[in-house]
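Tertiary structure, described
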Amino acid sequence: MSHRRRRDPRGTRPPDDVFAEMLLAARELLAVRSPLDAELMVSDMLGAWWGRRLRGGDVEQILGEGLVDYAAKAGTPAALSLLVSVAYLGTARQAAKAEGAALALMESDVPRPGWADRVGAVKPAGCYVSRDVYGDQDTVVCTFAYNGEDRHALVVVVDYNMGGMARDAWVSSQVDKLLDQARLEAAGNELLRFEELEPQQARALLEFAMKAARAAAHNRKGPKPVSDSYSAYHAFARARIKALPPGRMRPAPAHTEAPYSRDRRAMLAAEFLASDAAENLSDPSAASRCADHIIEYGCDQDFGRPTRVSPTKCETFLLDWLPRKVLLTPAEQDAMPHVLSAWVRFAGPRIGLPEQGVRATLDAVWEAMGRFSEAYRDPATFGLDRSLVERLLPDGDLSALARRAFAFPLLQGMRGATNLDLLNPADEADRRILLEIDHTGELDRADLEEHLAWHEEIASRLWIGDPPQLWEAAQRLLDLGHDRHEVMHVLIEIAERIGDHPDELAAALDDIADIPDEPPL
């Protein structure tokens, strides 16, 4: 009997080859004297697959636990050193398996390094945060020591313009120099603050930030959203955070405000439009709608902080979020940069932003103005009828346009006596008519009602984008040259087979790479 060898996430090397190479590198653990050096080396190893997506299972389980099993079978001093470190640095499952395997090797008299008893035996010494007055970013510094020795600092950068995720991390053994430099920078810059942070708050903040980074890495479509060094320090940071005292403090960034109800949002918009900052806006109607979008972005995408303004936040709003998410009228497109500038003048003083910060933010808006006309692509500019776009986007969610057009391709013209231009794809009854017309050539099939019901189920899911893997899978199959009819039937087959199990459905959709030679009907 032959066995196919498992392959690594890149599809080029079997995992056992990778594990053997890592175990060879683990020999260096036998030469180090400090548990800190050992922990950093193994954290770097475990970061090799952080943020990767692996078809067929969780990468931490398949590769992380696979490495533990491989080391346990090797039974060498280097393998034991690796297992001792993973017992502290790994995920809960990896740590439990590594601890059991390490104990078994110790009972078999496999030699262990002198630092093994001190791995993870640290106590927190202090926590600090360096933050800019804009509220864009926190640099959190947590210091630790092994029984008063080997002082070191874990530094994590938290980016609130990226959902509060941890974007970078590193470790420094020059603790006093690091803290002195941070204090000096803050003393000489009115846009920076450096202060002590309660350990409980530091833990809550960093746990939230690392969870957000993991989610961003899993859902990404392009390059990793974190720095190159973050992966290498991720396991170390995860373990060190657990040494901080737990607490129930909410990981809120600076300037977080009370939740904004619909009425409170409307009152804020009205207050802005009546302010001196907005008096020169020439189109009150367009300005009002633009203000609503600015407030929505701050409330829903920036931790309930519509009045927070910064150069980076304004650029992200103008050049990234609006072009992806919001359908603007031509008048709103013209007005938006001017309304955003007025909003900066209105909101900056409300949050105590220094005049220097207000000027810098206004400069950023004006510099982005020219790029906004290039970044914002009105669907009408590439041939789509505006009334059709508005029927597909009654909620104005521009990011939904492609998947909704895929779900309901027949929306214009006449089909027999039916005028498709009068049907509303957001209406349940009209959806059914549209799907029946899309199946005009299949009206004699015995299972037509059941088949249409499944088409309606998939079309409804695509309309709301739930789960997001549904449209992602459809796009992969379309890119491979399959037609819409084939793709819809594959999606139906998977949804019908798995049923009401959201996690299993998402995993199955992630696994779709191509359509079999005989696609299901």
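A brief structural summary. (Residues numbered from 1 in each chain as written. Predicted model: local features only at pLDDT ≥ 70, side-chain atom pairs only at ≥ 80, totals over all residues. Heavy atoms only, no water.)

**Details of helix 13 (residues 355-375)**
The condition is simple: Strands here are runs of E lasting at least two residues and helices are runs of H or I lasting at least four, both read from the DSSP assignment and numbered beginning at the N terminus. Every helix has an expected span of 1.5 Å times one less than the residues it contains. Values of bend correspond, residue by residue, to the angle between axes fitted over the seven residues ending at that residue and the seven starting there. Each residue's exposure class comes from its accessible area (1.4 Å probe, protein chains only) as a fraction of the maximum for that residue type: buried when under 20%, exposed when over 50%, partly exposed otherwise. Any pair of residues with heavy atoms lying within 4.5 Å of one another is described as a contacting pair.
The terminal C-alpha atoms of helix 13, which comprises 21 residues, lie 29 Å apart, in line with the 30 Å expected from a rise of 1.5 Å per residue. Of all the bends in helix 13, the greatest, near 45°, is centred on methionine 369. Residues of helix 13 that are buried: Gly357, Val358, Thr361, Leu362, Ala364, Val365, Ala368 and Phe372. Looking at the buried residues of helix 13, the elements they touch are helix 11 (311-325) and helix 12 (330-350).

**Comments concerning the pairing of strand 2 (residues 137-146)**
Put simply, the rule is: Strands were regarded as paired on the criterion that DSSP finds at least two bridges between them.
Most of strand 2 is tucked away: nine of the ten residues are buried. Connecting strand 1 (residues 123-132) to the antiparallel partner strand 2 that follows it, the hairpin turn spans four residues, and glycine 135 within it adopts a positive phi of roughly 85°. Where strand 2 meets strand 3 (residues 149-159), nine bridges bridge the pair, whose relative direction is antiparallel. If you follow threonine 139 over to strand 3, its bridge partner there is valine 157.

**A word on the environment of methionine 106**
One can find methionine 106 in helix 5 (residues 92-107). Along the chain, methionine 106 and aspartate 37 lie 69 residues apart, while their C-alpha atoms are 22 Å from each other.

**Structural notes on the packing of helix 18 (residues 468-479) against helix 20 (residues 502-511)**
The cut-off we apply is this: Only the stretch in contact is used when fitting a helix axis, every axis being a line fitted to C-alpha atoms; angles between N-to-C directions are given from 0 to 180 degrees. Throughout, the term roughly parallel applies to angles under 35 degrees, roughly antiparallel to angles over 145, roughly perpendicular to angles from 65 to 115, and oblique to all others. Two helices that cross are described as forming a left-handed crossing if the nearer one is turned anticlockwise from the farther one by less than a right angle, and a right-handed crossing if clockwise.
Relative to each other, helix 18 and helix 20 sit at 15°, their axes nearing to 9 Å. On the basis of the axis angle, helix 18 is roughly parallel to helix 20. Of the two elements, helix 18 crosses helix 20, and the hand of that crossing is left-handed. For the pair helix 18 and helix 20, the contacting residues are Gln469, Leu470, Glu472, Ala473 and Arg476 in the first and Ala506, Leu509 and Asp510 in the second.

**A closer look at the nonpolar core**
Short version of the rule: In plain words, nonpolar cores are sets of buried Ala, Val, Leu, Ile, Met, Phe, Trp, Tyr and Cys residues tied together by side-chain atoms within 4.5 Å.
Counting 83 residues, the largest nonpolar core has Phe272, Met336 and Trp343 as the members making the most contacts within it. Broken down by element, the residue count for this core peaks at nine residues, all from helix 12. The contacts of phenylalanine 272, once residues within four sequence positions are left out, are Ala278, Leu281, Ala291, Val339, Ala342, Trp343 and Phe346. One finds Leu67, Leu82, Val86 and Phe236 within the second-largest nonpolar core, a separate group that totals 68 residues.

**Looking at helix 2 (residues 35-46)**
Just so we agree on the cut-off: Polar contacts, as used here, are pairs of N or O atoms within 3.5 Å; protein pairs need one atom able to donate a hydrogen and one able to accept it. Residues neighboring in sequence count only if both atoms are side-chain atoms.
Look at helix 2: 16 Å from first C-alpha to last across twelve residues, which is about the 16 Å you get at 1.5 Å a residue. All of the buried residues in helix 2 are Pro35, Leu36, Ala38, Glu39, Val42, Ser43, Met45 and Leu46. Those residues of helix 2 hidden inside the fold are in contact with helix 1 (15-25), helix 3 (59-74), helix 4 (77-89), strand 2, strand 3 and helix 8 (228-241). If you check the start of helix 2, you find a side-chain oxygen 3.1 Å away from the backbone N of leucine 36, and it comes from serine 34.

**Details of the packing of helix 2 against helix 8**
Short version of the rule: Lys, Arg, Asp and Glu make up the charged group, whereas Ala, Val, Leu, Ile, Met, Phe, Trp, Tyr, Cys and Pro make up the nonpolar group; the residues left over, Gly among them, are polar.
Put simply, helix 2 and helix 8 touch, their axes get as near as 6 Å, and they point 125° apart. On the basis of their axis angle, the class for helix 2 and helix 8 is oblique. As for how helix 2 packs across helix 8, the hand of that crossing is right-handed. Within the contact between the two elements, helix 2 uses Leu36, Glu39, Leu40, Ser43, Asp44 and Leu46 and helix 8 uses Ser231, Ala232, Tyr233, His234, Ala235, Phe236 and Arg240. The residue makeup of the contact of helix 2 with helix 8, split by class, is seven nonpolar, three polar and three charged.

**Regarding the packing of aromatic side chains**
The relative placement of two aromatic rings is captured by the distance of their centres and the angle of their planes. Short version of the rule: Think of it this way: a Phe, Tyr or Trp ring, Trp meaning its six-membered ring, pairs with another when their centres are within 6.5 Å, and the plane angle makes it stacked under 30 degrees, edge-to-face over 60, tilted otherwise.
Counting across every chain of the model gives 14 aromatic pairs. Arranged with centres 5.9 Å apart and planes meeting at 20°, the rings of phenylalanine 317 and tryptophan 321 form a pair that is stacked. In this pair, phenylalanine 317 and tryptophan 321 are both assigned in helix 11, four residues apart and thus about one turn of the helix distant. For the pair shown, phenylalanine 317 and tryptophan 321 are each scored as buried. Ring centres 5.3 Å apart and planes at 55° place the aromatic pair tryptophan 343 and phenylalanine 346 in the tilted group. Of this pair, tryptophan 343 and phenylalanine 346 both sit in helix 12, three residues apart, which is roughly one turn of that helix.

**Observations concerning the environment of aspartate 430**
Tracing the backbone shows aspartate 430 in helix 16 (residues 428-438). Aspartate 430 sits 218 residues away from alanine 212 along the chain, and the two C-alpha atoms are 39 Å apart. Beyond its immediate chain neighbours, meaning those up to four positions away, aspartate 430 contacts Leu422, Leu423 and Asn424.

**Here's the deal with the side chain of serine 231**
Position of serine 231 relative to the elements: it lies in helix 8. Judged by relative accessible area, which is 6%, serine 231 ranks as buried.

**Focus on the side chain of histidine 234**
Mapped onto the fold, histidine 234 is located in helix 8. Among the polar contacts listed, one links the side chain of histidine 234 to the side chain of tryptophan 50, at a separation of 3.3 Å.

**A look at the pairing of strand 1**
When you tally the buried positions in strand 1, you get seven out of ten residues, the bulk of the element. As defined by bridge partners, strand 1 adjoins strand 2 across eight bridges and the pair is classed as antiparallel. Looking across to strand 2, one finds that serine 130 is bridged to threonine 139. Relative to strand 5 (residues 192-196), strand 1 is paired through five bridges, and the arrangement is antiparallel. Following the sheet pairing, serine 130 is matched in strand 5 by phenylalanine 194.

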